[in-house]
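Chain and residue survey
Here is what each chain is made of, one letter per residue.
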Amino acid sequence: MLDEAAAANELMRLARAIAHHNRLYHSDDNPEISDAEFDALVRRNAELEAQFPHLIRDDSPSRKVGHEVAASPLAKVRHDQRMFSLDNAFSDDDVADFVTRVRRFLALGEDAPVAFTAEDKIDGLSCSLRYEHGRLVRAATRGDGEVGEDVTANVRMIADIAEQLSGKVPDLFEIRGEVYMAKQDFVALNQAQEAADGKIFANPRNAAAGSLRQKDPAVTAARPLRFLAWGWGAASDVPEASQHAMMQRIADWGLPVSPLLTRCESVSAMLEHYRSIERARSDLPYDIDGVVYKVDRLDWQERLGFVAKAPRWGIAHKFPAERAETTLEAIDIQLGRTGKLTPVGRLKPVTVGGVVVSNVTLHNRDEIARLGVRPGDRVVIQRAGDVIPQVVENLTRDVPRDAWHFPDHCPECDSEAVAEEGEVDVRCTGGLICPAQRTERLKHFVSRAALDIEGLGEKTIDEFFALGWLESPADIFRLRRRREDIVGREGWKDKSVDNLLAAIEAKRQPDAARLLFGLGIRHVGAVTARDLLKRFATLQALREVAQRALAEDAEALADLTSIDGIGPAVVEALGDFFHEPHNIAVWDDILSEVSPPPYVVETRDSAVAGKTVVFTGALETMSRDEAKAQAERLGARAAGSVSAKTDLVVAGPGAGSKLKKAQELGIEVIDEAAWAEIVKAAG
Ligand SMILES: [Zn+2]
């Protein structure tokens, strides 16, 4: 499994990621990931912390779940000189036209010599490195060309990038180039990420960008990033007269430039170099997507200048995407541990860009419908820097053949498989009984943020599951009947078995919110579980209201959705859960083994105790989360919407429909200052 360094590294990333998404969700109201994905991060963090308790970070999300975690984005940097992008050429004719335009602009005769540099165009992230007196003082990403992000601290972690240039360097010189990840390093990174359940990157470019644009430079340091220079920006002096000589000079100063950079004196020489790079493409250690030509004489570059955002003196000659035609032999469904059904196309093996390909991802149900693919179809597949190739075209779409239907039941457990409203992914709803998901669910159930059963680690769960001793969470509480069997197994002693069984017995009266979270219902993360229990106090009451909501009972629906933070996704997920008889069996089973006491919210006496409060509009002295936490401390319930049950509305500037509704209903409305008085009065 994971070693300590990798675990520490991942915990650090999780702390950052969770803080980031928390902020997007709470402060910016602009989540990038679904609640389920967010919960998966929290769950993963809890699992790792359970496994490596001594690695729990001071800023661990488990210590502040539900609170806003400060995470400011990277600082913005305005480029002294715009970072341009290049126009593209797609054909030999386009290149010839480019050269003709250059000649015409410079009023050169048809036979006058014009030289160009030609170099491979790396698919990475453009960066500008500012050197003052030869020392690296600032690094910024391209951004929109005018304003990029400050990645100085991160760039200092890249071995290719010299902190101090050697030789005679102008007082100010900005070197520009590409931060990238080599293909081999990319594959290794993804393997490590997969082993650690981390983010899998789609291609080396994404991996490089994701690794560089980190708030914590230590993350960047752990990633195998490289750099190649291709030009420069602001400079107090440019000591050479040509692009080619200047790039050689930059290499002499100590920054890598492409070994394939050359100088061409004719269109045919440019195209020849293009073809030789194209032939070498699949053997190069990094992904490239074309060849860049630039007018070699710098005085001519100066005269040619720019049109809009691109220079007249350069162009990128793109390679066609690497494609091949083959037969789609079958479509298989793979089941992820979160229950997601992913269609995978099995191909008659074919070589694309030097790689033999036999599988393609078909992404999801919509993608299959878009392509209209069925087993037997001839398809065009494409590798565009991505490791996993994609189907771009179905050549036999019009051939009559039975349509392939996306399964509506799980191939593993036969539970219903559904896509939620607005989502393209189809998931198995049989979470607790689905074998593919079961061990993962069991691990989650005992993890630190859930039931937190000490001594019942992942290995033990795998071991007992393989023996058929653990099928569902309730089986954990029946392990005591197997005491003698466990003692008889290698690696177990009387004492360790007793310790384990005691740890299990200690959870016979678990915290209801942890138990609910432990059941792994989609969208019901640790925070949501607490919010639900705060409102309904017992699991039985929650189940009743969820089942009534499932039967379209309007009052139950309103009851659920009036809880701040509970939206339609949670209500639907609860409905899906209770819709599946297997899940109810598991639910009843665990509740026959454990008895969680009713959830009690600790409160203080205050003017608003027992009341329902809604915050709306902008708050100026605190975050929305802080306000909600205050309300809860004062014994009030913070709700997300105004209804007849609302007692008090705290309205800040910009309050809209909620304020209007409160006024219509005659509900008391106060401002933030008056709220602060209530908080102060409660002490
Ligand atoms: Zn299933």
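One numbering rule holds for all chains: residues counted from 1, following each sequence as written. Selection of residues for local features in this predicted model requires a pLDDT of at least 70, selection of side-chain atom pairs for listing and counting requires 80 or more, and totals for whole chains, interfaces and linings are taken over all residues. The basis for every side-chain value is the complete set of non-hydrogen atoms in the structure, without hydrogens or water.

Focus on the overall build of the protein chain
Spelled out, the test is: By definition, any uninterrupted DSSP run of H or I lasting at least four residues is a helix, any uninterrupted run of E lasting at least two residues is a strand, and each is numbered from the N terminus. Categorising residues by exposure relies on relative accessible area from a 1.4 Å probe, with only protein chains included: less than 20% of the type maximum marks a residue as buried, more than 50% marks it as exposed, and the intermediate range marks it as partly exposed. Any two residues whose heavy atoms approach within 4.5 Å at even a single point are treated as in contact. Residue exposure ignores everything except the shown protein chains as possible cover, and the areas themselves are Shrake-Rupley values with a 1.4 Å probe. In this count, Lys and Arg are taken as positive residues and Asp and Glu as negative ones, while His and the chain termini are left out. By convention, the charge on Lys lies at NZ, on Arg at CZ, on Asp at CG and on Glu at CD.
Scanning the protein chain from terminus to terminus reveals 25 helices and 24 strands. When the backbone C-alpha atoms are referred to their principal axes, the protein chain occupies close to 90 × 65 × 55 Å. By residue count, 49% of the 683 residues in the protein chain fall in the buried class. Summarising the internal contacts of the protein chain: among those between residues at least 6 apart in sequence, 68% fall at separations of at least 24. For the protein chain, the exposed area adds up to about 31,400 Å²; of that, 48% sits on carbon and sulfur atoms. If the 86 positive side-chain charges of the protein chain are averaged to one point and the 110 negative ones to another, these points end up 2 Å apart.

Focus: the domain arrangement of the protein chain
The line we're drawing: Residue ranges assigned to the domains are those given by an automatic or database domain assignment.
Here the domain parsing of the protein chain yields domain 1 (4-63), domain 2 (88-318), domain 3 (322-394), domain 4 (410-600) and domain 5 (612-682). Each of domain 2 and domain 5 has a C-alpha centre, and the two are 54 Å apart.

A word on the packing of helix α19 (residues 539-550) against helix α20 (residues 554-561)
Applied cut-off: Only the stretch in contact is used when fitting a helix axis, every axis being a line fitted to C-alpha atoms; angles between N-to-C directions are given from 0 to 180 degrees. Convention used here: angles under 35 degrees read as roughly parallel, angles over 145 as roughly antiparallel, angles from 65 to 115 as roughly perpendicular, and any remaining angle as oblique. In this scheme the crossing of two helices becomes right-handed for a clockwise turn of the near helix relative to the far one and left-handed for an anticlockwise turn of less than a right angle. Following the grouping adopted for this structure description, the nonpolar residues are Ala, Val, Leu, Ile, Met, Phe, Trp, Tyr, Cys and Pro, the charged ones are Asp, Glu, Lys and Arg, and the polar ones are all others, Gly among them.
Two elements in contact, α19 and α20, have axes whose closest approach is 7 Å; the angle formed by their N-to-C orientations is 120°. Put simply, α19 runs oblique to α20. Helix-helix and strand crossings are classified by hand; for α19 and α20 the assignment is left-handed. Contacts between α19 and α20 involve L542, V545, A546, R548 and A549 from the former and A556, L557, D559 and L560 from the latter. Partitioning the contact of α19 with α20 into residue classes produces seven nonpolar, no polar and two charged.

Points about the coordination of the zinc ion
Each angle at a metal carrying four tetrahedral donors should ideally be 109.5 degrees, and each at a metal carrying six octahedral donors should ideally be 90 or 180 degrees. Where we set the bar: Any N, O or S atom lying within 2.8 Å of the metal counts as a donor, with the limit raised to 3.2 Å for Na, K and Ca; because water is left out of the atom set, some sites can appear incomplete. Key to geometry: four donors with every angle between 85 and 135 degrees are tetrahedral; four donors are square planar and six octahedral where opposite donors lie over 155 degrees apart and all remaining angles lie between 65 and 115; all other sites are irregular.
The coordination sphere of the zinc ion contains the protein donors C410 (SG), C413 (SG), C428 (SG) and C434 (SG), at a distance range of 2.2 to 2.4 Å. Considering all four donor atoms around the zinc ion, angles at the metal cover 97 to 117° and the coordination shape is tetrahedral. You can call C410 buried: its relative accessible area is 3%.

A short note on the pairing of strand β8 (residues 225-235)
For clarity, the cut-off: Any two strands with at least two DSSP bridges between them are considered paired.
In terms of burial, β8 is a largely internal element, nine of the 11 residues being buried. Bridge count for strand β7 (residues 172-181) against β8 is eight bridges, and the pairing is antiparallel. Bridge pairing links M181 to L225 in β8.

A short note on the sheet that holds β8
Ordered by their spatial adjacency, four strands build an open sheet running β5-β4-β7-β8, and the pairing between neighbours is antiparallel. With partners counted over all chains shown, the strands left at the sheet margins are β5 (135-141) and β8, one partner each. Shown here is a sheet whose adjacent strand axes are inclined to one another by a mean of 30°, direction ignored. Sitting on the sheet, helix α6 (residues 204-212) touches β4 (125-132), β5, β7 and β8, and the angle it makes with β7 is about 125°.

Section: the side chain of K294
Put simply, the rule reads: Under this definition, polar contacts are N or O atom pairs within 3.5 Å; protein pairs additionally need one hydrogen-donor-capable and one acceptor-capable atom, and for neighbouring residues in sequence, both atoms have to be side-chain atoms.
Assignment of secondary structure puts K294 in strand β10 (residues 288-295). A distance of 2.8 Å separates a polar side-chain atom of K294 from the backbone oxygen of W230. Sequence-distant contacts of K294, defined by excluding residues within four places in its chain, comprise A115, F116, T117, E119, W230, Q243, Q301, W313 and G314.

Some points on the confidence of the model for the protein chain
Basically, it comes down to this: A residue's pLDDT is the confidence the predictor assigns to it, expressed on a 0 to 100 scale.
Mean pLDDT for the protein chain: 86, with 92% of residues reaching 70 or above. Every residue in residues 65-72 is under pLDDT 50, and counting partners more than four places away or in other chains gives 17 contacts.

Points about helix α9 (residues 267-280)
Where we set the bar: Expected span, for any helix, means 1.5 Å times one less than how many residues it has. The arc under discussion is defined with respect to the helix axis, by the directions toward the C-beta atoms.
Taking 1.5 Å per residue as the helical rise, α9 with its 14 residues ought to reach 20 Å, and the 20 Å between its terminal C-alpha atoms agrees with that figure. Buried residues of α9: M270, L271, H273, Y274 and I277, and no others. Seen end-on, α9 carries its buried residues on one side only, within an arc spanning 160°. Across from the buried face of α9, at angles greater than 90 degrees, the exposed residues are S268, E272 and R279. Turning to α9, the residues buried within the fold contact α3 (92-105), β3 (116-122), β9 (262-264), β10 and β13 (314-318).

Re the packing of aromatic side chains
In plain terms, the rule: Stacked, tilted and edge-to-face pairs are distinguished by plane angle, under 30 degrees for stacked and over 60 for edge-to-face with tilted covering the rest, among Phe, Tyr and Trp rings (Trp via its six-membered ring) whose centres lie within 6.5 Å. Each ring is checked for a lysine NZ or an arginine CZ that lies within 6 Å of its centre and within 35 degrees of its normal; such an atom marks a charge sitting over the ring.
Within this structure, the stated rule accounts for 16 aromatic pairs. With 6.4 Å between their ring centres and 55° between their planes, F84 and W230 make a pair best called tilted. Of the two residues, F84 is situated in the loop between β1 (76-78) and β2 (88-89) and W230 in strand β8; the sequence distance between them amounts to 146 residues. Take F84 and W230: they sit in the same class, and that class is buried. Taken together, the ring pairs in this structure connect F84, W230, F306 and W313 into an aromatic cluster. Geometry around W300 places R297 over its ring, the cationic atom sitting 4.0 Å from the centre.

Here we look at helix α5 (residues 183-195)
Its 13 residues give α5 an end-to-end C-alpha distance of 19 Å, which sits within 8% of 18 Å, the value for a rise of 1.5 Å per residue. Taken as a whole, α5 has its buried residues at F186, L189, N190 and Q193. Summarising the axial view, the buried residues of α5 lie within an arc of 100°, below the 170-degree limit, and thus occupy one face. Residues Q184, Q191 and A195 are exposed on α5 and point more than 90 degrees away from its buried face.

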